[in-house]
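The lines below spell out each chain.
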Amino acid sequence: HERIEHTPGNMLMRGLPKWNTRKCSKLHRSSLMLVCLTLVLGIINLCNFTSHQYVLKQNEVAAAMPIIEILLEAVIDKPVEPSKQTPSSFLPLSNSINVDAENDGGSDSFSACILWMDDNHRLEEWLAYHYYLLKLRYVVLNIDPWSRTSPKAIIDRWNDRNNKFNLNMTIVTMRDSEYVYNYAGEMEIIEKAALVSSDTEYTYGEAKTKYILKRQKHFYKACSKHLIHQNKSWTSYHDTDEFLTFSDGSKKMEEPGYVLHKLNEIKKQLPPDTHVNDTGVSCLMVDRRRYCAKESSTEEINELFSPSLDNTVGGIVPEGFMNSSIDSTDDDHKAIIGRFDTLRYKYLTEGKDGNPKSFIDLSQRNPKLYVQDQWSKKNLGPHIWSVHKVMAGLCRTEERDRLSEFKRMVKEERFTISHYLGSFETYSFRNDARQGSLRTYEIWKKRATETEGEVSQAIRPWLRGFVELVGGPNVASYLLQDAGKFPDGYDVISRINDYNSTYDYNTFQKQE
């Protein structure tokens, strides 16, 4: 895979030496050999016995890990072992964090930890939206090892190397090999699973998905540690098909950086000792709602281009954006709207969509302690990290024990995460580990029309606000030029066959 170069805006410590790990590893191996040679058979047998126990324990953990998102609520999260993170040029060599240090410098913007796999068609919309509403200015993007495409062009454009648009945006990249313990060994396990003679699809899909879920927790910890060392504060941990918004159609969407400003306003009102009993607001867990893929009518689409006093309906797409105008054809309007999930879809699927996602203020004392496995007074070992609730122990405890006044403040904001199913083009573009079982064309087709008719257009005004914020339709069109676009030659029809059901995961689980 191509190694993506970090831009000058990158604050990573690229010059840090890498010989420390290799030197220590050589010393450790030499010492171990000397001990084994000296103590001979007794120590060898003991090592073999201990190793056997370790392997069994690891196999038990692996067998217990889920491979489907709908079972995540039933998962007992495992701690992330700090000693099993390979030091790299990305991560600071020192694990020490001053929990009492004030990180005011990072409170003026939002940060994000994102896992990316062939998501260019979604990435720019996600960046632009949160750049506007959250005041997102620093992104750590982890590039999946199975990606077939590269986000480099988008990263370079948004990092604005020559400061042409004064974006003040920094996007840095990570790869699994920089923080996953025994990365080569993990890849070997997955490669072997692809070579089994029977039930190959299931065996490979399960092995790959187990790794991805485990990797995600390690990434969140590595990313959080990096952001703390960069003096960052509020950080999001949600995906490129998810957008933080509000369940009401209020005026909040019209204020750039509203979410950051409101969270900082709430934080300023916290009593100074809320960290002692986890009664403050350092972690927010926000529920999700899924948008199905039911399309809007031609009349509804054209209305988004018409000037209107109702900001949630008309006047959403400013004139000149992507060369649009009120006189553009229906097909032109449809083509523009079709590139943005937040504008294209408005029909909601009934009920909450799985587990909530987390937003954490890394400048506060308890998240800093959690990253160092020092938050829990009962559990002195590695702390639990979760795919959805991230700092699981802290987030759950604070949600339960938060002071009533601050529970009210958070509730009144009516935060929600819009989770977009998307078109089949979007749904099937990447080679998902679950395709053929838990992600199939039939599953997409069923979810695509899953609605009782409930609609929400509260999210839509963001585009007009973003266009104004960055300096007009030409700049916005430049920054969003890859939104909703797929590589030339992408054949979505052929992907229907690729996404046909090839095995029943639940049946295999019962057999095991």
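See above for the structure.
## Some words on the overall build of the protein
A count of helical and extended segments in the protein gives 18 helices and 11 strands. Here the protein, with 512 residues, has 54% of them falling under the buried criterion. Taken as a whole, the protein presents about 24,200 Å² of accessible surface, with 52% of it coming from carbon and sulfur.

## Some points on unusual backbone geometry
Excluding glycine, a negative phi dihedral is what most residues carry, and trans is how most peptide bonds are arranged. At K135, a residue that is not glycine, the phi angle is positive and equals roughly 60°. Mapped onto the elements of the fold, K135 is located in the loop between α2 (120-133) and β2 (136-143). Overall, the relative accessible area of 27% leaves K135 in the partly exposed class. Non-glycine residue N231 carries a positive phi angle of around 60°. Structurally, N231 is set in the loop between α5 (200-229) and β4 (234-236). Of the residues examined, N231 reaches a relative accessible area of 40% and is grouped as partly exposed.

## Details of helix α4 (residues 183-193)
Here α4 has its buried residues at G185, E186, M187, I190 and A193. In the core, the buried residues of α4 are packed alongside α5.

## Considering empty space enclosed by the protein
The final tally for this structure, using the stated rule, is 1 cavity of 30 Å³ or more. Considered as a void within the structure, the largest cavity measures approximately 40 Å³ in volume. Elements with a minimum of two residues in the lining of the largest cavity: α6 (258-268) and β6 (283-286). For the lining of the largest cavity, a count of residues per class yields 7 nonpolar, no polar and no charged.

## As for the sheet that holds strand β3 (residues 170-175)
Across the sheet, which stays open at both edges, the 6 strands sit in the order β3-β2-β1-β4-β8-β6 with mixed pairing between neighbours. Looking at strand neighbours, the two that pair on one side only are β3 and β6, the edges of this open sheet. Pairs of neighbouring strands in the sheet enclose a mean axial angle of 20°, with direction left out of account. Where β6 and strand β8 (residues 357-361) come together, 4 bridges link them in antiparallel fashion.

## Some words on a negative patch on the surface
Among the surface-exposed residues, E299, D330, D331 and D332 lie close enough to one another that they form a single negatively charged patch. Per-element tally for the negative patch: the top contributor is helix α8 (residues 330-337), with 3 residues. In this fold, D332 is placed in helix α8. Residue class for D332 comes out partly exposed when judged on its relative accessible area of 39%.

## Looking at the packing of α2 against helix α15 (residues 462-470)
Between α2 and α15, the least distance of the axes is 9 Å, while the angle of their chain directions is 75°. As summarised for this structure, α2 and α15 are arranged roughly perpendicular, according to the angle between their axes. Across the interface between the two elements, E125, A128, Y129, Y131 and Y132 of α2 pack against W462, G465, F466, L469 and V470 of α15. Taken together, the residues of the contact of α2 with α15 sort by class into 8 nonpolar, 1 polar and 1 charged.

## A short note on the packing of aromatic side chains
Inspection of the entire model under this criterion finds 27 aromatic pairs. Ring centres 5.7 Å apart and planes at 80° place the aromatic pair F243 and Y420 in the edge-to-face group. Note that F243 is positioned in strand β5 (residues 242-246) and Y420 in strand β11 (residues 415-420), a separation of 177 residues in sequence. On the basis of relative accessible area, Y420 is assigned to the buried category, the value being 1%. Here the aromatic cluster, defined as three or more aromatic residues joined through ring pairs, consists of Y129, Y131, W158, F243, Y291, Y420, W462 and F466. Over the ring of F429 we find R148, and its NZ or CZ is 5.0 Å from the ring centre. Here the basic side chain of K294 rests over the ring of Y347, its NZ or CZ set 4.4 Å away from the ring centre.

Criteria and cut-off values
Residues numbered from 1 in each chain as written. Predicted model: local features only at pLDDT ≥ 70, side-chain atom pairs only at ≥ 80, totals over all residues. Heavy atoms only, no water. Helix = DSSP H or I, 4+ residues; strand = E, 2+ residues; numbered from the N terminus. Buried < 20%, exposed > 50% of the residue type's maximum accessible area, 1.4 Å probe, protein only. Areas by Shrake-Rupley, 256 points an atom, 1.4 Å probe, with all protein chains shown as cover. Contact = heavy atoms within 4.5 Å. 1 Å grid on protein atoms, 1.4 Å probe; cavity = no way out; pocket = protein on both sides within 12 Å on 5 of 7 lines; lining within 4 Å. Points joined across faces, edges and corners; volume = space filled by probe spheres on them. Nonpolar A, V, L, I, M, F, W, Y, C, P; charged D, E, K, R; others polar. Pairing = 2+ DSSP bridges. Axes fitted to C-alpha atoms, helices over the stretch in contact; angles between N-to-C directions. Patch = residues over 30% accessible without salt bridge, like charges linked within 9 Å, V, L, I, M, F, W, Y side chains within 5 Å. Salt bridge = Lys/Arg side-chain N within 4 Å of Asp/Glu carboxyl O. Lys, Arg positive; Asp, Glu negative; His and termini not counted. Charge placed at Lys NZ, Arg CZ, Asp CG, Glu CD. Parallel < 35°, antiparallel > 145°, perpendicular 65-115°, else oblique. Phe/Tyr/Trp six-rings, centres within 6.5 Å; stacked < 30°, edge-to-face > 60°. Lys NZ or Arg CZ within 6 Å of the ring centre and 35° of its normal.

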